[in-house]
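# Per-entry structural report
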Amino acid sequence: MSTPIPSPKFNQFYRHADLTRLLFDYADALPGLVRVDSIGKSHEGRDIWLVTVTNSVTGPAEDKPALWVDGNIHAAELTASTACLYFLHQLATGTDDPKLRHLLDTRTVYICPRLNPDGAELALADRPRHIRSGTRPYPFDEPHIEGLTVEDVDGDGRVLYMRVPDPHGTWKKCGADARLMVPREPGEFGGSYYRLMPEGTLANWDGLQIKVNKDREGLDLNRNFPAYWRQEFEQQGAGPYPTSEPEVRAMVDFIVRHPNIGAAISFHTHSGVILRPMGTQSDDDMTPEDL
């Protein structure tokens, strides 16, 4: 009896164990089309799963021109992971489409739905924290000894904001809903005003100033790649050297070992833009055929 193709839920984000199970369910259901491999381990030891999609009957994956697709290198950008899963599902269920069938007969698609499993797991934790990328403390190992550390204090699964009455504050209650805060108008006086601070725990307060601490996890995995890498004082979060982080090294090592990859797309969720090479140069500097 054949294994049914899984039906992923696109209205939820998968934690690592459930994502792992889902990917292997595709491989079990479509053994001649889908293969799942680990291309490396994250900082905390989680597998970084890669899904290879191609018709194995028409030749090995490595012998066909290939597309690389990845998502969720930034911890809280979980929709990028969902986009990868949606693409995978279209490939897995679209073999009756002549164009898709031709694609999978003649090409290979490599899909890495979650390059940063540690950060995503923290973003989806029962008591989540918002970080940009990996969970390794950087650039300092020491915990904060004073100031406000952002965290989910009440355990409701959300990190919200606290308002503190302050006659010099820049926020006021919204007239339509007192739970909402709106900016104080320029030159406005005579009302009740507030400061806003993220939910968190305050340590060793001096009674005067409240400093909101930066995340201990100061890495940005997207800045750890070799191209145009810059040191920390120029590019915050870039890491001590290019590919210092295991998640980035796993991706780079795989791509270097697979020269059949001729195109790539990385899914993110911020900015609402399409970025393509050369991101640091003008169109006049590009090869016309590439442009």
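If you're wondering where the values come from, they're calculated on a predicted model, not measured in any experiment. (Residues numbered from 1 in each chain as written. Predicted model: local features only at pLDDT ≥ 70, side-chain atom pairs only at ≥ 80, totals over all residues. Heavy atoms only, no water.)

Let us look at the overall build of the protein chain. Check the secondary structure of the protein chain and you find five helices and 11 strands. Along the three orthogonal principal directions, the C-alpha set of the protein chain runs to about 75 × 50 × 40 Å. When each of the 291 residues of the protein chain is scored for burial, the buried share is 38%. Surface exposure of the protein chain reaches about 17100 Å², of which carbon and sulfur atoms provide 55%. Placing the 30 positive and 42 negative side-chain charges of the protein chain at their respective mean positions leaves the two points 3 Å apart. (Helix = DSSP H or I, 4+ residues; strand = E, 2+ residues; numbered from the N terminus. Buried < 20%, exposed > 50% of the residue type's maximum accessible area, 1.4 Å probe, protein only. Areas by Shrake-Rupley, 256 points an atom, 1.4 Å probe, with all protein chains shown as cover. Lys, Arg positive; Asp, Glu negative; His and termini not counted. Charge placed at Lys NZ, Arg CZ, Asp CG, Glu CD.)

On to the environment of glutamate 151, then. Structurally, glutamate 151 can be placed in the loop between β5 (147-150) and β6 (161-165). The sequence separation of glutamate 151 and proline 60 amounts to 91 residues, and the corresponding C-alpha distance is 48 Å. Once residues within four sequence positions are removed from consideration, glutamate 151 is found in contact with Val159, Glu199, Gly200 and Thr201. (Contact = heavy atoms within 4.5 Å.)

The next point concerns the pairing of strand β3 (residues 66-71). When you tally the buried positions in β3, you get five out of six residues, the bulk of the element. Bridging between β3 and strand β4 (residues 108-112) involves five bridges; their strand directions are parallel. Bridging from a neighbouring strand, tryptophan 68 pairs with tyrosine 110 of β4. As paired strands, β3 and strand β11 (residues 261-267) are joined by six bridges and run parallel to one another. Note that in β11 the partner of tryptophan 68 across the bridge is alanine 264. (Pairing = 2+ DSSP bridges.)

The next thing to look at is the nonpolar core. With 23 residues, the main nonpolar core has Leu23, Val34, Val51, Val53, Leu88 and Ile111 as its most contacted residues. Among the secondary structure elements, those contributing two or more residues to this core are α1 (16-29), β1 (34-41), β2 (47-53), α2 (78-93) and β4. Counting residues in hydrophobic clusters, the runner-up holds 17 residues, among them Leu115, Met251, Phe254 and Ile261. (Core = buried A, V, L, I, M, F, W, Y, C linked by side-chain atoms within 4.5 Å.)

Attention now moves to the side chain of threonine 243. Its place among the elements puts threonine 243 in the loop between β10 (200-203) and α5 (246-257). Within the local environment of threonine 243, its side chain forms a polar contact with the side chain of arginine 249, the two groups lying 2.9 Å apart. Setting aside its immediate chain neighbours within four residues, threonine 243 contacts Asn224, Pro226, Val248, Arg249 and Val252. (Polar contact = N/O pair within 3.5 Å; in protein donor to acceptor, adjacent residues only side chain to side chain.)

The next subject is the packing of aromatic side chains. What the rule picks out here adds up to four aromatic pairs. Taking 5.3 Å as the distance between ring centres and 65° as the angle between the ring planes, the aromatic pair formed by phenylalanine 10 and tyrosine 86 counts as edge-to-face. You can see phenylalanine 10 sitting in the segment before α1 and its partner tyrosine 86 sitting in helix α2, a full 76 residues away along the chain. The class for tyrosine 86 is partly exposed, based on a relative accessible area of 45%. Judged by centre distance (5.7 Å) and plane angle (45°), the rings of tryptophan 68 and phenylalanine 254 are tilted. Of the two residues, tryptophan 68 is situated in strand β3 and phenylalanine 254 in helix α5; the sequence distance between them amounts to 186 residues. There is no split in this pair, since tryptophan 68 and phenylalanine 254 are both buried. Positioned over the ring face of tyrosine 194 is arginine 163, at 5.6 Å from the centre of the ring. Across from the ring centre of tyrosine 193, 3.6 Å away, lies the NZ or CZ of arginine 184, which sits over that ring. (Phe/Tyr/Trp six-rings, centres within 6.5 Å; stacked < 30°, edge-to-face > 60°. Lys NZ or Arg CZ within 6 Å of the ring centre and 35° of its normal.)

With 14 residues, α1 ought to run about 20 Å at 1.5 Å a step, and its terminal C-alpha atoms sit 20 Å apart, in line with that. All of the buried residues in α1 are His16, Leu19, Thr20, Leu22, Leu23, Tyr26, Ala27 and Ala29. On its buried face, α1 is in contact with β1, β2, α2 and α4 (117-123). (Expected span 1.5 Å × (residues − 1).)

Now for the environment of tryptophan 229. Mapped onto the secondary structure, tryptophan 229 falls in the loop between β10 and α5. The class for tryptophan 229 is buried, based on a relative accessible area of 18%. Spatially, the C-alpha atoms of tryptophan 229 and phenylalanine 24 are 35 Å apart, while their sequence positions differ by 205 residues. Those residues in contact with tryptophan 229, other than ones at most four positions away along the chain, are Arg223, Asn224, Ala238, Gly239, Pro240, Tyr241 and Pro242. Reaching out from tryptophan 229, the side chain makes a polar contact with the backbone oxygen of alanine 238 at a distance of 2.9 Å.

Now for the pattern of salt bridges. On inspection of all chains with the given rule, the structure shows 16 salt bridges. A salt bridge links aspartate 126 to arginine 15; its shortest N-O distance comes to 3.4 Å. Within this pair, whereas aspartate 126 is found in the loop between α4 and β5, its partner arginine 15 is found in the segment before α1, the two being separated by 111 residues in sequence. (Salt bridge = Lys/Arg side-chain N within 4 Å of Asp/Glu carboxyl O.)

The next point concerns the pairing of β4. A large share of β4 lies buried, amounting to five of its five residues. Covered by surrounding structure in β4 are Thr108, Tyr110 and Cys112 together with Val109 and Ile111, the residues of both alternating faces. Bridge count for β2 against β4 is three bridges, and the pairing is antiparallel. Within the sheet, the bridge partner assigned to valine 51 lies in β4 and is isoleucine 111.

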